[in-house]
Amino acid sequence: MQPESGANGTAIAEFILLGLVEAPGLQPVVFVLFLFAYLVTVGGNLSILAAILVEPKLHTPMYFFLGNLSVLDVGCISVTVPSVLSRLLSHKHAVPYGACLTQLFFFHLFVGVDCFLLTAMAYDRFLAICRPLTYSTRMSQTVQRMLVAASWACAFTNALTHTVAMSTLNFCGPNVINHFYCDLPQLFQLSCSSTQLNELLLFAVGFIMAGTPMALIVISYIHVAAAVLRIRSAEGRKKAFSTCGSHLTVVVIFYGSGIFNYMRLGSTKLSDKDKAVGIFNTVINPMLNPIIYSLRNPDVQSALWRMLTGRRLLAGGGLN
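Quick caveat: nothing in here was measured; it's all calculated off a predicted structure.

### A short note on the environment of Leu-197
- Mapped onto the fold, Leu-197 is located in helix 7 (residues 196-229).
- The spatial distance from the C-alpha of Leu-197 to the C-alpha of Ala-165 is 9.0 Å, given a sequence separation of 32 residues.

What follows is the structure, given as structure tokens:
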């Protein structure tokens, strides 16, 4: 997608990303921290994915969705961090117009799939705890694949919609972005044409893409909580809640940072707060997910340990 000059296009061929810090002395520190975060995230998520693939005990719907979530986390951080590291090494801050829109598309693609996948995981927990007798039929392999495929299809439509809508805007003035990656709020502020329709589109589609999944997650866990509280055994309640704790933690972090980021479109100036939220969305969230799921899940811990020590699981079974 190339920029066009004139009334119906843009005269800007590239954007300038200022990055996280402008002081040359701090850039090596930022490079080391981002490289460490990237390696930990990729290594952690791929380790969880490998453990799920090789351990029969983890061949269940919950871990099928967790494996897909690990792939998404690797994709999400790979959209932003490698380009940040490249710019820190080359000291070049220019990003071509097409590359900026490409980054925008893939970022919203992965985040969109994340929204729906977290909803599918909540639905899985609802069925496992509230409908255990029909769980195996309602959450068959065909249903699992359909949920993942639908998540990708909806997220692709959302990402393509925002990218095409962004390509219709004119960029004829300043091209400096006070951020470390391209996203909708930053590009809206640089447009010299009206972004009112784009912002309305963001809120409308955002309500469908984020509001609906979040409502479904809340409804699912209301039913889960009610079912768990009816369990007489304290040990049974603890075990039921433990299977949901990791997922709820990830949901709160994911939606909390996302809402803060996109509900501030009216702000006239980008600040360090926006960069901090951006780091949370693109770096910390993907890095925390494998830590949260491994720390709070003994099945994942034991599978990772067996994989690292070269042992294979002899007995099946495990969580639904």
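### Re the packing of helix 3 (residues 97-130) against helix 7
- At a minimum axis distance of 9 Å, the contact between helix 3 and helix 7 shows a crossing angle of 20 degrees. With respect to helix 7, the element helix 3 is oriented roughly parallel. In the packing of helix 3 onto helix 7, the handedness of the crossing is left-handed. Between helix 3 and helix 7, the contacting residues are Gly-112, Cys-115, Phe-116, Leu-118, Thr-119, Ala-122, Tyr-123, Arg-125, Phe-126, Ile-129 and Cys-130 on the first element and Met-209, Ala-210, Pro-213, Leu-216, Ile-217, Ser-220, Tyr-221, His-223, Val-224, Ala-227 and Val-228 on the second.

### Overview of the UniProt feature "transmembrane region" (unreviewed entry) in the protein chain
- The feature "transmembrane region" (unreviewed entry), as annotated in UniProt, sits at residues 29-54, 63-85, 105-123, 143-161, 200-229 and 241-263 in this numbering.
- Within the segment residues 29-54, helix and strand shares are 100% and 0% respectively, and the terminal C-alpha atoms sit 37 Å apart.
- Annotated as residues 143-161, this span is 100% helix and 0% strand, and its ends, taken at the C-alpha atoms, are 27 Å apart.

### As for the packing of helix 1 (residues 27-54) against helix 2 (residues 61-90)
- Running from amino to carboxyl end, helix 1 crosses helix 2 at an angle of 160 degrees, the nearest separation of the two axes being 9 Å. One element, helix 1, and the other, helix 2, form an angle in the roughly antiparallel class. Handedness of the helix 1/helix 2 crossing: left-handed.
- Among the residues forming the contact of helix 1 with helix 2, the class breakdown is 22 nonpolar, six polar and one charged.

### Concerning empty space enclosed by the protein
- Going through the model one piece at a time under the given rule, you end up with two cavities of 30 Å³ or more.
- Sorting the residues of the lining of the largest cavity by element identifies helix 1 and helix 2 as the ones contributing at least two each.
- Of the residues forming the lining of the largest cavity, the biggest block, three residues, is contributed by helix 2.
- The class makeup of the residues in the lining of the largest cavity is eight nonpolar, three polar and one charged.

### Quick word on the nonpolar core
- Core analysis: the biggest nonpolar cluster contains 65 residues, and Phe-34, Leu-66, Leu-118 and Val-224 have the highest contact counts within it.
- Looking at this core, the elements that each hand over two or more residues are helix 1, helix 2, helix 3, helix 5 (141-167), helix 7, helix 8 (234-262), helix 9 (272-295) and helix 10 (298-309).
- With 16 residues, the single largest contributor to this core is helix 3.
- Sequence-distant contacts of Phe-34, defined by excluding residues within four places in its chain, comprise Leu-20, Val-81, Val-84, Leu-85, Phe-180, Ile-279 and Val-283.

### Remarks on helix 10
- When the terminal C-alpha atoms of helix 10 are compared, their 16 Å separation across 12 residues agrees well with the 16 Å that a helix rising 1.5 Å per residue should span.
- Of the positions making up helix 10, those classed as buried are Asp-299, Val-300, Ala-303, Leu-304 and Arg-306. Seen from one end, helix 10 has its buried residues packed into an arc of 165 degrees, which puts them on one side. Exposed residues pointing more than 90 degrees away from the buried face of helix 10 are listed as Pro-298, Trp-305 and Leu-308.

### Quick word on the state of the cysteines
- What the rule picks out here adds up to two disulfides.
- Cys-100 shares a disulfide with Cys-182; S-S distance 1.9 Å. On the sign convention where negative is left-handed, the bridge of Cys-100 and Cys-182, at about -120 degrees about the S-S bond, is left-handed. Here the residue Cys-100 occupies a position in helix 3, and Cys-182 occupies one in the loop between strand 3 (176-177) and helix 6 (184-190), the gap between them amounting to 82 residues.
- For Cys-100, a relative accessible area of 0% gives the class buried.
- The exposure class assigned to Cys-182 is buried, which follows from its relative accessible area of 0%.
- When the bonded cysteines of the protein chain are numbered from the N-terminus onward, they pair as 1-3, 2-4.

### Quick notes on the sheet that holds strand 2 (residues 94-96)
- Across the sheet, which stays open at both edges, the three strands sit in the order 2-1-3 with mixed pairing between neighbours. The open sheet has two edge strands, strand 2 and strand 3, and neither has a second partner.
- Strand direction decides the pairing type here: strand 1 (residues 14-17) and strand 3, joined by two bridges, are parallel. Residue Ile-16 lies in a different strand from strand 3, and its bridge partner there is Val-176.
- Along the sheet face, helix 3 touches strand 1 and strand 2 and points at about 80 degrees away from the line of strand 2.

### Concerning the pairing of strand 1
- Side-chain alternation along strand 1 places Phe-15 and Leu-17 on a buried face and Glu-14 and Ile-16 on a face that remains uncovered.
- For strand 1 and strand 2, the ladder comprises three bridges, and the chain directions are antiparallel. By the bridge assignment for strand 2, Ile-16 is matched with Ala-94.

### Details of the packing of aromatic side chains
- In total, this model carries 13 aromatic pairs according to the counting rule given.
- Note on Phe-34 and Phe-180: the rings are 6.0 Å apart at their centroids and 85 degrees apart in plane angle, and the pair reads as edge-to-face. With Phe-34 in helix 1 and Phe-180 in the loop between strand 3 and helix 6, this residue pair connects regions lying 146 residues apart in the sequence.
- Overall, the relative accessible area of 6% leaves Phe-34 in the buried class.
- When the centroid spacing of 5.4 Å and the interplanar angle of 50 degrees are considered together, the rings of Phe-107 and Tyr-181 count as tilted.

What counts and what doesn't
Residues numbered from 1 in each chain as written. Predicted model: local features only at pLDDT ≥ 70, side-chain atom pairs only at ≥ 80, totals over all residues. Heavy atoms only, no water. Helix = DSSP H or I, 4+ residues; strand = E, 2+ residues; numbered from the N terminus. Axes fitted to C-alpha atoms, helices over the stretch in contact; angles between N-to-C directions. Parallel < 35°, antiparallel > 145°, perpendicular 65-115°, else oblique. Left-handed = near helix turned anticlockwise from the far one by under 90°. Contact = heavy atoms within 4.5 Å. UniProt positions renumbered as here; feature names shortened; annotations may be inferred. Nonpolar A, V, L, I, M, F, W, Y, C, P; charged D, E, K, R; others polar. 1 Å grid on protein atoms, 1.4 Å probe; cavity = no way out; pocket = protein on both sides within 12 Å on 5 of 7 lines; lining within 4 Å. Points joined across faces, edges and corners; volume = space filled by probe spheres on them. Core = buried A, V, L, I, M, F, W, Y, C linked by side-chain atoms within 4.5 Å. Buried < 20%, exposed > 50% of the residue type's maximum accessible area, 1.4 Å probe, protein only. Expected span 1.5 Å × (residues − 1). Arc of directions from axis to C-beta. Disulfide = S-S within 2.5 Å. Pairing = 2+ DSSP bridges. Phe/Tyr/Trp six-rings, centres within 6.5 Å; stacked < 30°, edge-to-face > 60°.

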